[in-house]
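Each chain, written out:
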Amino acid sequence: IIFHPRGMARRRGMKTEKEETQLSVEETNDNESMMSSNSDNVGSVTGGGDEEDGKASQMQPLMMDSSVASSATPITAGDNTSAIRKLINSNPEFFGQALKFLFCFLGLQASYLTWGYMQELIMTSEFEPTKSSPDGKFPSAAFCVFSNRFLAIIVAMIAVKLRHGSVLANNTAPLIAFAPCALSNTMSSWSQYASLRYVSFPVQTVFKSSKIIPVMLMGKFLKGTAYPCTQYAEAALITAGVAIFSIASKEPKGDSDTSFAGLMFLCLYIFFDSFTSQWQDKVYHKYGRANVDPYQMMLGVNASAICITTAGLIITGDFPIVYEFLKANPAVFQYNVITAITSASGQLCIYYTIKEFGPIVFTIIMTTRQMISICLSAVIFGHVITLKALVGAVLVFGVLFYQIRRKYNARKQKSAEAK
């Protein structure tokens, strides 16, 4: 048998064409299966909804055959929602705590930023003058305290009723035990409102940060508490920063008598507020923290405070003066209502935050709130904060954040030693 070379070449060529055609088909099938596999993998990672809907969501590659692209399905909004739901379900405790923290942070910020704004708006704005108030200024700081206490006691009664089933029957501490701190709380609030007639809100806010020294002195006087030298040094730095901020923020038009009056009201606020916190702590120690919860403390303090403020308004004759002013300026009544609501909601947020996250997290939130309130007050009411005043504020808040960090490390070390 004689094989012709050309015939063999022709057969080899035909076989080569068949092999190439078969190889091309196999490669196409392989590519399609790889694309399908990749799409399924992507859908299982990003979609998260194929188990619920029974449909595999596929991500379309950047470059692919048009026939394959037509079969691919883009990711929908429902797939993303399902993925987020799966992420939350993977660690529900973490996201639950994060949601609680967000609620506490926003609740405290909204309550006290609004409260501070309304406070300054009421005490510094000029409204329609009346016969008793020809300058148009709100005539009674005591009424602002009264309105706050009036709503707070209603909220406290509801909270105690829901928690203990009765308003007064389950109270271990008698109401008279709260009277001293109620009086000091009323006087501190009144001094705080009255000081805004003479000093700006940023000065008041920074000045309030210096109450650490009176608190320490009051604790030593009432309970014999001893404090380390580092805390006295921190208190001295805060006081220095407050002094720098206050002097640098002094209004050029303000006279010495006005500045002195504002300083006296701020000192009264710090003195009474320091007494309030230390006396409340003394009540907790005397009757037991397990027997006096924050809502019972809120009820006891506000029950005595409402009696004190009512008596004060009657004795000074402020009720008819305030009524005349509110009748001429109904918007001021709305401002007082908003102030009372935010004051009560702020107290509830305080108790809830301390219960869930402890005092250190609460202090961080409130310190941040003070900084934000200073900036908002400067923008809204046109207060000028000079570079020297800014240095004083940075010194104050820098020491405050250092204190927070020190307390956090101390608690962390204490818990580690307990384990």
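Rules used throughout
Residues numbered from 1 in each chain as written. Predicted model: local features only at pLDDT ≥ 70, side-chain atom pairs only at ≥ 80, totals over all residues. Heavy atoms only, no water. Helix = DSSP H or I, 4+ residues; strand = E, 2+ residues; numbered from the N terminus. Expected span 1.5 Å × (residues − 1). Core = buried A, V, L, I, M, F, W, Y, C linked by side-chain atoms within 4.5 Å. Buried < 20%, exposed > 50% of the residue type's maximum accessible area, 1.4 Å probe, protein only. Contact = heavy atoms within 4.5 Å. Patch = residues over 30% accessible without salt bridge, like charges linked within 9 Å, V, L, I, M, F, W, Y side chains within 5 Å. Areas by Shrake-Rupley, 256 points an atom, 1.4 Å probe, with all protein chains shown as cover. Salt bridge = Lys/Arg side-chain N within 4 Å of Asp/Glu carboxyl O.

**Quick word on helix α12 (residues 294–316)**
And step 1. With 23 residues, α12 extends 32 Å between its outermost C-alpha atoms, agreeing within 8% with the 33 Å of an ideal straight helix rising 1.5 Å per residue.
And step 2. Looking at the residues trailing α12, positive phi occurs at Gly-317, about 75°.

**A few points about the nonpolar core**
And step 1. Formed by 38 residues in total, the largest nonpolar core has its most connected members in Leu-108, Met-123, Phe-138, Phe-143 and Tyr-193.
And step 2. Mapped by element, the contributors of at least two residues to this core are α5 (92–124), α6 (141–164), α12, α13 (318–328) and α14 (330–381).
And step 3. Examining the composition of this core, we find that 11 residues originate from one element, α6, more than from any other.
And step 4. Once residues within four sequence positions are removed from consideration, Leu-108 is found in contact with Leu-113, Gly-346, Cys-349, Ile-350, Thr-353, Phe-362, Ile-365 and Met-366.
And step 5. Val-203, Ile-212, Ile-238 and Val-242 belong to the second largest nonpolar core, which has 20 residues in total.

**Describing the side chain of Gln-119**
And step 1. Within the fold, Gln-119 resides in helix α5.
And step 2. Classification of Gln-119 by relative accessible area gives buried; the value is 0%.
And step 3. Those residues in contact with Gln-119 that sit more than four places away from it in its chain are Gln-192, Tyr-193, Leu-196, Phe-201 and Gln-204.

**Structural notes on the environment of Thr-172**
And step 1. The topology assignment puts Thr-172 in the loop between α6 and α7 (179–195).
And step 2. With a relative accessible area of 43%, Thr-172 lands in the partly exposed category.
And step 3. Spatially, the C-alpha atom of Thr-172 lies 6.1 Å from that of Asn-291, the residues being 119 residues apart in sequence.
And step 4. In this view, Thr-172 contacts Tyr-287 and Asn-291; residues no more than four positions away in its chain are not counted.

**A word on a nonpolar patch on the surface**
And step 1. A cluster of nonpolar side chains, namely Tyr-117, Ile-372, Leu-376, Val-379 and Ile-380, defines an oily patch on the protein surface of about 440 Å² accessible area.
And step 2. Counting residues per element, the nonpolar patch draws most heavily on α14, which supplies four residues.
And step 3. Looking at where Ile-380 falls in the secondary structure, it is placed in helix α14.
And step 4. Given the relative accessible area of 46%, Ile-380 is considered partly exposed.

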